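Structural description and commentary
These are the residues of each chain, in order.
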Amino acid sequence: MVGDIIEKLIIWLLPLPPLLSFFLIILFTNRKKALSHRIAIGAAGLSWLGSMFVFVRALGIEEFGKTVIESTVNWLPTGNTWFQVGVLIDPLSTVSVFFVAWTVLMIFIYSIGYHNFGQPAGDHDIMGLPPHGATVQDTKGQKHKVMSVEPMYARFFAFISLFAFGMFTLVVSNNLLTLFVGWEIMGLCSYLLIGFWYGKPSARDAAVKAFMTTRIGDVVMLLGIAFLYSETGTLSFREIFRPEALRALVGKITPVFGLSAAGLIGLLLFIGVVGKSAQWPLHVWLPDAMEGPTPVSAMIHAATMVSAGVYVVLRMFPLITADFSGHELTPTMSVIAFIGAFTAILAATIAVAHNDIKRVLAYSTISQLGFMIAALGIGAYVAAAFHLITHAFFKALLFLGSGSVIHGMEHGVLHTGDHLDPNDMFNMGGLRKKMPVTFWTFLIGGLALSGFPLLTAGFWSKDEILADAFGHGRLVLFITLAVAAFLTAFYTMRQITLTFLGQPRTKAAKHAHETPWTMTVPLIILAVFAVSYGWVGIPENFPVIGGIVPNWFHEFVGGTLAERPEPLPFNIVPLLTSLAVALGGLFFGWVVYREVKSPQQDNLQISLLKNKYYFDEAYNFLFVKPASWIAEKFSYLFLDRTVIDGILHAFARTALSLGHIFRNYFDKPVVNGLVGDGTAAVVKASGSGLRRIQAGRIQYYMAVSLAVFGALAVLYYFLLA
Amino acid sequence: MSIPLSWFLILSAALFCIGLFGVLARKNAIAILLGIELMLNAVNINLVAFWRYLDPAQMAGQVFVIIVFAVAAAEVAVGLALIISVYRRRNTVVADEIDMMKW
Amino acid sequence: MTPVQIVFILCAVLILGSALMVVSTRKLIHAALWLIVTLFGVAILYAILEAGFLAVVQVAVYIGAIAILFIFAVMLTRRELRDKSPQLRKNWGAAALLGLLAFAGLAFLVTSQPGVGRTAAAMPDGLDTVQALGKSLVSPQAYLLPFEVVSVLLLAALIGAVYIAFTRKS
């Protein structure tokens, strides 16, 4: 009993340490770098401890999924009832909490090294721009440039702490409202962190673009939440997913395209996910978001925030599939599957033509999220959840690895004094000798991404998605995803070949060296997960090795749903396809690109792909320019200046003319003239008349006073006495 | 004393009115003061007559008269000093010409 | 007609006649001298009224000091030509009328009082008026305070007169 209470308390407290860290750093320790990162990492560590505790406890619970750990409080009085908020640990949130805690902690530790803690302050570093290096003199009197510490060091940790708070809140919440709160906090932190180097105009624009684009999704999602609340009167997951509630939602038909209420709500919520997880058509913000520092890209745009979108679809899966019988896809699910598959292949094609190491990974993220969304669209719940978690680990690994590479390149740039883009892969080459730890971990991550068989986690999760697609007969989807998987392996190997293999192509690459332990240790730890996490989800009926270890993941996470999904019978076709596309893509990528030394030799630098199918230009033309025009011409010039100011000026003129009338026709003639001057004139006239009495001659006075006195005396005597 | 009281009173009234005429009708400022002296003497006669005829044992009447003497003396002294001062300034003792305190 | 009454009538004629001369004579110095005669007549009247001290004080203070003061003032403000012009203002008729009316009113008032025609009772025996007057002037229960105040008044008048009439030799 006491254990239960402590357990629930710990779940409530999971999001708290990062939040406290945020406030402490912002309010008190903003100037102190070491103290700030210690507070942040301490907080992340505390949340990690709590998460591991919850994870271990949850593992031991029988029939976890039917029984969950839930704790609620009454929060908002709503008429006769209370709106309750609370925390929920069921299988899905258990595994989510696990990967969130690990990736957050690793990225926090990585950030210490990434922002060059311990290095001297830069020569002319200013807050708001990336650090540019410091000149140091060594003992021989020789000057050379080294990397300098980030001026806004503490602020970064504050922001990522706030972000961690948002993600933990989202994962542990038991209702859509606090989930949405966490969702929005992460959106805010995304804006703050993409625009971290606010001195760069490109970073500022990217931050606004990210926020605006996800906002479109968020508004629609809020509509969905409101509609759901009005239909069911609750936002708590366990209550919505009761069979009676779901039946009611399915039964009600809405006027929108004839969808059922469940389908419509699912669609609206999914549109929010499209924004947050950067699916087509709202994918445009994620590549630009690479303007932020690499830990931000890793955390927000690989491991956690974009995963939050997929997490929401996983959470609302019972609602989305409420009227799904197993054969014909419902309209909502069709939309989801289509968008997921389309995005997967679209992004994969763009990724092969980009040269910036982070851009490639960004498009790769979009593509992989498309995989997960497509899987959910066809009802492959466990496969999607599995891929979500493995992807979080290896994508975070890849991003952190790319950050390490960029750091090495920047060191080379400072050393040689060359002015080249440290992110451009065509400036790299041969880094495997200079940065071995980075190379091996990046390779493991890349192989996991490509789905290298057996040894990497990506293989197991991707294979499950393909198997599920094939097994349920979704052949178009299967082929699309297979092609996308091929392209994935291809561009990943392209990336590895250009960056690490071969010979250094520039002097900067020649002078690169390995990054400090704060950056490499997280890479190693994440690499361990990227390899081993796959082995918890080996399907039971896999040839040879299936069945040696039970498919823990399937059993555990499958228990979240009311009906545990059955594992599919084994089919050789998806397995062979998986092997073919993965190995084939890797092979081709290596073969083609080991000869390519410059962009001119690269045959895939197609301008359509390099310009991302011109989506940005289209949106600019369709939406941004009209909005600017409306703001300028309509709202400002017409409404504000002409109409509103016109009314105000009319009022002013009326008041002025009224004042003029009052002054000239009432105040001056009547009040001044009649009352004021008139009284004065009367007094003056009477005074000038009466003054002649005072003649100054005493005898005159005496005579007059005697006469008056006599008269009065006579009066007195005859009238009164 | 066989003189009726009314004789004294009428005498003092007449003296008073002569003095009044002098005050109102004379040009010279000193002549005005002379008229005032006559009026004061008439008052004194009245007082002494009343003292003698009503209650000679009570000294209030005579005391009053003595005080009137003193006041008259003071007034004449100050008044003449004023007239002399005005005479030095404006070279006139005609009351009608001393009319500066007017409009 | 008792002898006292005859004396009174003569005295009254003296007083009123000289008073009329005071207010009507042209030469101011004559007016001052006629004033002396009037004052002397009033002193006789005091004597008739058995106020001997007052009669003496009248002569000493009024005639001896005040009238002399008038004469000095006349001398100090004498102008050769002015003595020739008429000494009565233009409205002396109205003033005379006023005076007559005043006299008529006062006379009427006086004679309308009851008991105004009575004669005086004899002086009480043993009443030494001078001594009684002296005692009353210096005894605190009687008229010491007015006496002292009057002396202050005389002091103030003295200082004031000196100050007003003072000439600064510039």
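All values reported here derive from a predicted model rather than from experimental measurement. (Residues numbered from 1 in each chain as written. Chains lettered and ligands numbered in written order. Predicted model: local features only at pLDDT ≥ 70, side-chain atom pairs only at ≥ 80, totals over all residues.)

Moving on, we get to the overall build of chain B. Helix and strand counts for chain B come out as three helices and zero strands. Along chain B, helices (α) and strands (β) appear in the sequence α-α-α when read from the amino end. Counting across all 103 residues of chain B, residues that qualify as buried make up 62%. At a minimum sequence separation of 6, the contacts of chain B that also span at least 24 residues come to 52%. (Helix = DSSP H or I, 4+ residues; strand = E, 2+ residues; numbered from the N terminus. Buried ≥ 20, exposed ≤ 12 C-beta atoms within 10 Å, placed from the backbone. Contact = placed C-beta atoms within 7 Å.)

Accessible area lost when the parts come together is the quantity often used to give the size of an interface. Contacts between the two partners involve ten residues from chain A and, on the opposite side, ten residues from chain B. Looking at the side of chain A that touches chain B residue by residue, the classes come out as four nonpolar, three polar and three charged. (Nonpolar A, V, L, I, M, F, W, Y, C, P; charged D, E, K, R; others polar.)

With that settled, the discussion passes to the interface of chain B and chain C. Taken together, the contacts link 61 residues of chain B with 71 residues of chain C. Elements represented by at least two residues in the side of chain B that touches chain C include exactly helix 1 (5-25), helix 2 (29-54) and helix 3 (60-90) of chain B. Considering each element in turn, the side of chain B that touches chain C owes the most residues, 21 residues, to helix 3 of chain B. For the side of chain B that touches chain C, the per-class residue count stands at 47 nonpolar, eight polar and six charged.

Residue and element names in this part refer to chain A. Running from N to C, helix 17 (residues 381-416) and helix 20 (residues 457-471) cross one another at 150°; their axes reach a closest spacing of 9 Å. Regarding the angle of helix 17 to helix 20, the classification is roughly antiparallel. Regarding helix 17 and helix 20, the two cross each other, and that crossing is left-handed. Taken together, the residues of helix 20 that come into contact with helix 17 (itself represented by Ala383, Phe386, His387, Thr390, Phe393 and Phe394) are Ala457, Gly458, Ser461, Lys462, Glu464, Ile465 and Asp468. (Axes fitted to C-alpha atoms, helices over the stretch in contact; angles between N-to-C directions. Parallel < 35°, antiparallel > 145°, perpendicular 65-115°, else oblique. Left-handed = near helix turned anticlockwise from the far one by under 90°.)

Per-residue confidence for chain B gives a mean pLDDT of 91, with 99% of residues at or over 70. This prediction of the complex comes with two scores: 0.67 for pTM and 0.91 for ipTM. (pLDDT = per-residue confidence, 0-100.)

A separate point is helix 1 (residues 2-13) of chain A. Its twelve residues give helix 1 of chain A an end-to-end C-alpha distance of 16 Å, which sits within 8% of 16 Å, the value for a rise of 1.5 Å per residue. The element helix 1 of chain A is barely covered by neighbouring structure, given that only one of its twelve residues are classed as buried. (Expected span 1.5 Å × (residues − 1).)

Right, let's get into the packing of helix 3 of chain B against helix 3 (residues 52-76) of chain C. It is at 10 Å that the axes of helix 3 of chain B and helix 3 of chain C come closest, and there the two elements cross at 5°. Taken as axis vectors, helix 3 of chain B and helix 3 of chain C run roughly parallel relative to one another. The residues of helix 3 of chain C that touch helix 3 of chain B, namely those facing Gln62, Val65, Phe69, Ala72, Ala73, Val76, Ala77, Leu80, Ile83 and Ile84 of chain B, are Leu54, Val57, Val61, Ala65, Ile66, Leu69, Ala73 and Leu76 of chain C. In terms of residue class, the contact of helix 3 of chain B with helix 3 of chain C is made up of 17 nonpolar, one polar and no charged.

All names here are of chain A. In terms of burial, strand 1 (residues 69-78) is a largely surface element, one of the ten residues being buried. Both strand 1 and strand 2 (residues 81-89) contribute to a ladder of nine bridges, which runs antiparallel. The residue bridging Pro77 from the neighbouring strand is Trp82, located in strand 2. Between strand 1 and strand 2, which pair antiparallel and follow one another directly, the connecting turn spans two residues, one of which, Gly79, has a positive phi of 70°. (Pairing = 2+ DSSP bridges.)

Further remarks concern unusual backbone geometry. Residues and elements named next belong to chain A. Residues Trp280 and Pro281 are joined by a peptide bond in cis, for which omega reads 5°. Inspection of the secondary structure assignment puts Pro281 in the loop between helix 10 (261-276) and helix 11 (285-288). In this structure, Ala278 is a non-glycine residue whose phi angle is positive, near 55°. Its place among the elements puts Ala278 in the loop between helix 10 and helix 11.

One finds Phe163, Val313, Ala384, Phe393, Ala396, Leu481 and Ala530 of chain A to be the most contacted residues of the largest nonpolar core, which totals 218 residues. Top contributing element to this core by residue count: helix 17 of chain A, with 21 residues. If you look at the next biggest cluster of nonpolar residues, it comprises 84 residues, including Ala703 of chain A, Ala14 and Ile84 of chain B together with Ala31 of chain C. (Core = buried A, V, L, I, M, F, W, Y, C linked by C-beta atoms within 7 Å.)

The next point concerns the environment of Ser18 of chain C. The residue Ser18 of chain C is located in helix 1 (residues 3-24) in this model. Not counting residues within four places of it along the chain, the set of residues in contact with Ser18 of chain C comprises Trp34, Val37, Thr38 and Gly41 of chain C.

Residue and element names in this part refer to chain A. Positionally, Ser367 belongs in helix 16 (residues 357-377). Of the residues examined, Ser367 has 26 C-beta atoms within 10 Å and is grouped as buried. Residues Ser367 and Leu481 lie 114 residues apart in sequence; the distance between their C-alpha atoms is 9.7 Å. Sequence-distant contacts of Ser367, defined by excluding residues within four places in its chain, comprise Ala344, Ala347, Ala348, Ala351, Ala484 and Thr488.

Right, let's talk about the environment of Glu148 of chain C for a bit. All names here are of chain C. Tracing the backbone shows Glu148 in helix 6 (residues 144-165). The exposed category is assigned to Glu148, around which 12 C-beta atoms lie within 10 Å. With ten residues separating them in the primary sequence, Glu148 and Val138 have C-alpha atoms 9.1 Å apart.

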